[in-house]
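# Survey of secondary and tertiary structure
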Amino acid sequence: MAGLKYWVWLNECRGLTNRSRALLLDHFGSPEDVYYADEAEYALVEGLSKKQLELLADKSTDGADKILGDCQRLGLRILTMQDADYPARLRGIFEPPCLLYVKGTLPAFDEEVAVAMVGTRACTPYGTQSAEKIAYGLARQGALVVSGAARGIDSAAHRGALRAGGVTVAVLGNGLDVVYPEENAGLYRDIAATGALLSEYPPGTAAEGWHFPIRNRIISGLCLATVVVEAPLERSGALITANTALEQGRDVFAVPGPIDASASRGCNRLIADGAGLVSESWDILREYQAMYPHKILGERVELPHALGYQARAEQEAAKQAETPAEAETLPVLDLTGDHGLTDDQMKLLRELAQGEKQVDDLIELTQIPTRRVLSALTMLELDGYVAQSGGKRFSIQVELKE
């Protein structure tokens, strides 16, 4: 436990990047040696800025001690990049995480046919059904499904793997004790019971919009392949993950969709650019059967008792035909209840309720700093409360109740 204190201190030294931490570890050998080095010794490390060197002068371990106490209270393990069971796949990527917080049982990733499944939060019934079906097949055929436990495609992928009785791992963009989105509390418990929850963020860390693109490198880095199920072309975290996977030398697959469906434009583009086309789990696993014959089962499987996309679409069309007025009504967001929004997010929603606006307009009207406006808009967009069009214009997608 004493040694872990220095790992946490190094990981929480704000202003250092994962790359700079790796340079320090390469030079000094251990975070404890980094901690006890002086300014002259830090200056010998190539690749660090003057500001980063100054940050290392703060030797307080109060924050690290608190995090270690929280981990002990919550039953979390800290996995450092020098531990024997830290995945070699992940250690080999650019800017690997210095450490990971773990809840549950960490699989032996380097021995697993690990497949990442990612996609849009604002998915269609077709996307949900496809993700659950493919994840079910992957898990039943011996693969390990990895995703981010977000709303939409991520959640469907985890559910499919769990329904198959398989192991699934979620890499979070927040602390392991923070449930985001709130409705996934049960899913968090189920994932930790059979697989693991992972995060490079300490307990208590909120889900910030900028965490997720950074988190995506871990999802793809742990896996042999990344599968994208529904992703728009604009501002898609799933496409960021796919591009990161390609940079890491991993395989990329995509599920095709209708040519006029905005949610499938990113997937269709990936396929046009050379990604593997996926209509069932075997389209992925046949690529790895020769390398992992002891892991992959050869028979095809189907997701049982699942309502197909066509049937769902017909039901939805019938419902809209019966109540055309309701189909055109925006969902209501009750700001008087427990909505989980920040003050910045509420201010932005109230401005957007008056009409579509550009980012610069919102900054001027709300007098909120640019960084906070961008962060709040990202979270609102991920939650489906706002949508972005060309020219960084945002429009509200809910009706406010105050």
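A brief look at the structure comes next. (Residues numbered from 1 in each chain as written. Predicted model: local features only at pLDDT ≥ 70, side-chain atom pairs only at ≥ 80, totals over all residues. Heavy atoms only, no water.)

This brings us to the overall build of the chain. Check the secondary structure of the chain and you find 19 helices and 14 strands. In the chain, buried positions account for 50% of the 402 residues. A total accessible area of about 18,800 Å² is found for the chain, and carbon and sulfur atoms account for 49% of it. (Helix = DSSP H or I, 4+ residues; strand = E, 2+ residues; numbered from the N terminus. Buried < 20%, exposed > 50% of the residue type's maximum accessible area, 1.4 Å probe, protein only. Areas by Shrake-Rupley, 256 points an atom, 1.4 Å probe, with all protein chains shown as cover.)

Of the two faces of strand S13 (residues 393–396), only one is covered, namely that formed by Phe394 and Ile396; the face formed by Arg393 and Ser395 stays uncovered. For strand S12 (residues 386–389) and S13, the ladder comprises four bridges, and the chain directions are antiparallel. In the sheet register, Gln388 faces S13, and the bridge partner there is Phe394. (Pairing = 2+ DSSP bridges.)

A separate point is helix H10 (residues 185–194). Turning to H10, its buried residues are Leu187, Tyr188, Ile191 and Ala192. Buried residues of H10, seen end-on, are gathered within an arc of 130° and therefore sit on one face of the element. Residues of H10 that are exposed and point more than 90 degrees away from the buried face comprise Arg189 and Ala193. (Arc of directions from axis to C-beta.)

Strand order in this open sheet of nine strands is S1-S2-S6-S5-S4-S3-S7-S8-S9, and the pairing throughout is mixed. Strands at the two margins of the open sheet, each flanked by one partner only, are strand S1 (77–80) and strand S9 (276–277). Taken strand by strand, helix H13 (residues 265–272) contacts strand S7 (225–229), strand S8 (251–255) and S9, and its axis lies near 130° from that of S8. (Contact = heavy atoms within 4.5 Å. Axes fitted to C-alpha atoms, helices over the stretch in contact; angles between N-to-C directions.)

The subject of this paragraph is the sheet that holds S12. Strand order in the open sheet formed by three strands is S11-S13-S12, and the pairing between neighbours is antiparallel. Pairing within the sheet leaves two strands with one partner each, and these edge strands are strand S11 (357–358) and S12. Each of S11, S12 and S13 is contacted by helix H17 (residues 343–352), which is oriented at about 90° to S13, the strand it contacts most.

Moving on: the side chain of Arg215. Its location among the elements puts Arg215 in helix H11 (residues 211–221). Buried charge without a partner: Arg215 forms no salt bridge, and the closest opposite charge is Asp154, 4.8 Å away. For Arg215, the side chain forms a polar contact with the main-chain oxygen of Val171, separated by 2.8 Å. Beyond its immediate chain neighbours, meaning those up to four positions away, Arg215 contacts Arg121, Gly148, Val171, Leu172 and Gly173. (Lys, Arg positive; Asp, Glu negative; His and termini not counted. Salt bridge = Lys/Arg side-chain N within 4 Å of Asp/Glu carboxyl O. Polar contact = N/O pair within 3.5 Å; in protein donor to acceptor, adjacent residues only side chain to side chain.)

This brings us to the nonpolar core. Leu24, Phe109, Val146 and Leu198 are the most contacted members of the largest nonpolar core, which has 68 residues in total. Of all the elements, helix H1 (residues 2–11) adds the most residues to this core, at five residues. (Core = buried A, V, L, I, M, F, W, Y, C linked by side-chain atoms within 4.5 Å.)

Next up on the list: unusual backbone geometry. Omega for the peptide link from Tyr180 to Pro181 comes to -5°, which places this bond in the cis form. Mapped onto the fold, Pro181 is located in the loop between strand S5 (168–171) and H10. Even without being glycine, Glu95 reaches a positive phi, approximately 55°. Take Glu95: it is sitting in the loop between helix H7 (88–91) and strand S2 (99–104). Residue class for Glu95 comes out partly exposed when judged on its relative accessible area of 24%. Backbone geometry at Ala149 places phi at a positive 60°, although glycine is not the residue there. Relative to the helices and strands, Ala149 is located in the loop between strand S4 (144–147) and helix H9 (153–163).

Everything listed is a geometric property; what it means functionally is a separate question.
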